[in-house]
Amino acid sequence: MEIKEISRKEYDNFLEKVDSHSFLQTSKMNEVFKSSNRDTRLFALVDNKEVLAVGLAFLRNIFGGKRIDFMVGANALDEKYEYIFYDKLKDYVKKLDCLKLVIKLDYTYCKYDQDGNLISEKNDYFLNKMKEVGYMANDGSISTYDGLPDYQFVKDLNEFSLDDDSLLKSLNNNAQRKIKKAIELGINVRSIGEDELEDFKTLTFDAAKRQGFNDKSLEYYKTFYDEFDKDCDFLVSEINLDESISNLEKLLSSITESSKNKQRRQSLKNEIDSLIELRNESKSSILSLANMILIYSKDQAIYFLGGSSTKYQKLPGAFILQYQAMRKVMEKNIPIYNFFGVDGLFDGSDGVLRFKQNFNGYILRKTGAFIYYPNPAKYKSLEIIKKIKRKLNK
């Protein structure tokens, strides 16, 4: 048995036989990575021309050599070949001047409720298997968001129906209120066309700037759109201010003036005034509020990434977007809606978690990263040199 690079066709032919795999392991995602100038490889464990396991890796330059990452590990039809793949990989990467090999596994270590309370047993099986083939658990050098997120916020949709409001009622009071307000305002959620990707990027750039990270390139989004095609939706929530103002004015006129309705009427008047102010300062009546890439697979749908407008954050575009996305997932009979990554901190500091908690789910903690250093002494020496250079450059 040996590790070899294989073609996209060979890779796809093997993955088609696998019952379940992450979108991050697909050749489609490989093309997306390459659009961002990443050095990627499609590797396989091969025995007498038969493919037994496959994995997508990307290589990056680090001080003194290369780091190689498998963001979601490998796929095999028989578990034993997955771990033979990892074992054989240790020798193979030495040929690539690798100083650090990182593998993340898409297996669940344990579950928490959304407040961080443990609700399952901890599963050490995969941790022990990786140790058996010569890998160490994360030494703290790999972040929880590097590759597959270590902590993922998910919601089981099996118990809800499209024919009633059971999904809405499963959300917390804040989310229910925001979604009802969005419906009243006429905020619409729709799939966008490829010709709208520049507008899509405007929102993701806004969110990235606000949260302090770099946005993806336009080429990344275009490649993603083309490669995933029907396996994903690019969704946007938007408001038509002229229509919303007109609808609220009609609603206001239908509510009789009385002490009982005083608060409701005043709330509508304030809402109308706010929308008129927005309309007066906007070039267009239609405003994009929030967006997302929603990825479909057999066993789950994933809210991969998205953005929202800083200027229009008071409008509930992000809430109605998630609600309608979940309904789309239910229409496809996909059982799990995965809100994807959270920090794994339950002390109130994670704003992303606070938003997702509005939708009442639970958290899967994955097994995390495993590391192999082909030449530990060389790696440590280079790290010391790097630290010294940093001090001298201060």
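These figures come from a predicted structure and were not determined experimentally.

## Points about the overall build of the protein chain
Next, step 1: Within the protein chain one finds 13 helices and 14 strands.
Next, step 2: Based on the C-alpha atoms only, the size of the protein chain along its principal axes is roughly 80 × 55 × 40 Å.
Next, step 3: Considering only residue pairs separated by 6 or more positions, the protein chain has 74% of its internal contacts joining residues 24 or more positions apart.
Next, step 4: Working note: accessible area of the protein chain is about 20,100 Å², and carbon and sulfur atoms make up 45% of it.

## Concerning the confidence of the model for the protein chain
One rule of thumb: low pLDDT means the predicted coordinates there are not for detailed reading.
Next, step 1: Of all residues in the protein chain, 100% attain a pLDDT of 70 or more, and the chain-wide mean is 94.
Next, step 2: Across the protein chain, element-level confidence peaks in strand β10 (residues 232–240) with a mean pLDDT of 98 and bottoms out in helix α13 (residues 376–393) with 78.

## Details of empty space enclosed by the protein
Rolled over the atoms, a probe as big as a water molecule pinpoints where empty space is left.
Next, step 1: Counted by the stated rule, this structure contains two cavities of 30 Å³ or more.
Next, step 2: Considering only enclosed or pocket space, the largest cavity measures out at about 40 Å³ in volume.
Next, step 3: Taken together, Leu24, Gln25, Phe33, Leu56, Ala57, Phe58, Phe70, Met71, Val72 and Gly73 form the lining of the largest cavity.
Next, step 4: With three residues, the top contributor of residues to the lining of the largest cavity is strand β3 (residues 50–62).
Next, step 5: Considering only residue class, the lining of the largest cavity consists of eight nonpolar, two polar and no charged.

## Things to note about the packing of aromatic side chains
Centre-to-centre distance and the angle between the planes together describe a pair of aromatic rings.
Next, step 1: Enumeration over the complete set of coordinates arrives at 31 aromatic pairs.
Next, step 2: A ring pair is formed by Tyr86 and Tyr135, whose centres lie 6.4 Å apart and whose planes are at 75°; its orientation type is edge-to-face. With a gap of 49 residues between them, Tyr86 in helix α3 (residues 79–92) and Tyr135 in the loop between α4 (125–132) and β7 (136–137) connect regions that are remote in the sequence. Judged on exposure class, the residue Tyr86 and its partner Tyr135 are both buried.
Next, step 3: Between Phe224 and Phe234, the aromatic rings sit 6.2 Å apart at their centres with planes inclined by 70°, giving edge-to-face as the arrangement. Taken together, the residues span a long stretch of sequence, with Phe224 in helix α8 (residues 218–228) and Phe234 in strand β10 at a distance of 10 residues. Pair check on accessibility: Phe224 and Phe234 agree, each one buried.

## As for the nonpolar core
Next, step 1: In this structure, Ile239, Leu275, Leu294 and Tyr337 are the most contacted members of the largest nonpolar core, which totals 52 residues.
Next, step 2: Take this core: its biggest share by element is eight residues, from helix α11 (residues 317–331).
Next, step 3: Residues Leu15, Ala44, Phe228 and Ile293 belong to the second largest nonpolar core, which totals 35 residues.

## Things to note about the layout of surface pockets
Next, step 1: For the second largest pocket, the calculated volume is near 650 Å³.
Next, step 2: Taken together, 37 residues make up the lining of the second largest pocket; nearest its centre are Ser20, His21, Ser22, Asp106 and Asp299.
Next, step 3: Elements represented by at least two residues in the lining of the second largest pocket include exactly β5 (74–76), α3, β6 (98–113), β8 (151–156), β11 (286–296), β13 (336–342) and β14 (362–372).
Next, step 4: No other element matches the four residues that β6 contributes to the lining of the second largest pocket.

## Observations concerning helix α10 (residues 262–281)
Next, step 1: A rise of 1.5 Å per residue sets the reference length of α10, with its 20 residues, at 28 Å; its end C-alpha atoms lie 29 Å apart and thus fit the reference within 8%.
Next, step 2: Of all the residues in α10, the buried ones are Arg265, Leu268, Glu271, Ile272, Leu275 and Leu278. Down the axis of α10, the sector holding all buried residues measures 145°, keeping them to one side. Across from the buried face of α10, at angles greater than 90 degrees, the exposed residues are Lys262, Gln263, Glu277 and Asn280.
Next, step 3: Of the surrounding secondary structure, the elements contacted by the buried residues of α10 are α6 (173–185), β10 and α9 (241–254).

## As for the pattern of salt bridges
Should their charged atoms come close, side chains of opposite charge can pair.
Next, step 1: Within the structure shown, the criterion is met by 25 salt bridges.
Next, step 2: Put simply, Lys28 and Asp231 hold a salt bridge, and the shortest N to O gap is 2.4 Å. With Lys28 in helix α2 (residues 27–35) and Asp231 in the loop between α8 and β10, the pair connects residues that are 203 residues apart, well separated along the chain.
Next, step 3: According to the relative accessible area criterion, Asp231 is partly exposed, its value standing at 31%.
Next, step 4: Ionic pairing is found between Asp215 and Lys201, a salt bridge with its closest N-O pair at 2.7 Å. A residue pair is termed long-range when its members are at least 10 positions apart, and Asp215 in the loop between α7 (197–211) and α8 and Lys201 in helix α7 qualify at 14 residues.
Next, step 5: Each of the salt bridges in this network shares a partner with another, and the network as a whole consists of Arg8, Asp12, Glu31, Lys34 and Glu227.

## Side note on unusual backbone geometry
Next, step 1: Of note, the phi angle at Asn37 is positive, near 65°, even though the residue is not glycine.
Next, step 2: Position of Asn37 relative to the elements: it lies in the loop between α2 and β2 (39–47).
Next, step 3: The residue Lys49 is not glycine, and still its phi comes out positive at about 70°.
Next, step 4: Within the secondary structure, Lys49 sits in the loop between β2 and β3.

## Some details on a nonpolar patch on the surface
Next, step 1: A cluster of nonpolar side chains, namely Ile384, Ile388 and Leu392, defines an oily patch on the protein surface of about 320 Å² accessible area.
Next, step 2: Along the chain, Ile388 turns up in helix α13.
Next, step 3: Owing to a relative accessible area of 43%, Ile388 belongs among the partly exposed residues under this scheme.

The rules we used
- Residues numbered from 1 in each chain as written.
- Predicted model: local features only at pLDDT ≥ 70, side-chain atom pairs only at ≥ 80, totals over all residues.
- Heavy atoms only, no water.
- Helix = DSSP H or I, 4+ residues; strand = E, 2+ residues; numbered from the N terminus.
- Contact = heavy atoms within 4.5 Å.
- Areas by Shrake-Rupley, 256 points an atom, 1.4 Å probe, with all protein chains shown as cover.
- pLDDT = per-residue confidence, 0-100.
- 1 Å grid on protein atoms, 1.4 Å probe; cavity = no way out; pocket = protein on both sides within 12 Å on 5 of 7 lines; lining within 4 Å.
- Points joined across faces, edges and corners; volume = space filled by probe spheres on them.
- Nonpolar A, V, L, I, M, F, W, Y, C, P; charged D, E, K, R; others polar.
- Phe/Tyr/Trp six-rings, centres within 6.5 Å; stacked < 30°, edge-to-face > 60°.
- Buried < 20%, exposed > 50% of the residue type's maximum accessible area, 1.4 Å probe, protein only.
- Core = buried A, V, L, I, M, F, W, Y, C linked by side-chain atoms within 4.5 Å.
- Expected span 1.5 Å × (residues − 1).
- Arc of directions from axis to C-beta.
- Salt bridge = Lys/Arg side-chain N within 4 Å of Asp/Glu carboxyl O.
- Patch = residues over 30% accessible without salt bridge, like charges linked within 9 Å, V, L, I, M, F, W, Y side chains within 5 Å.

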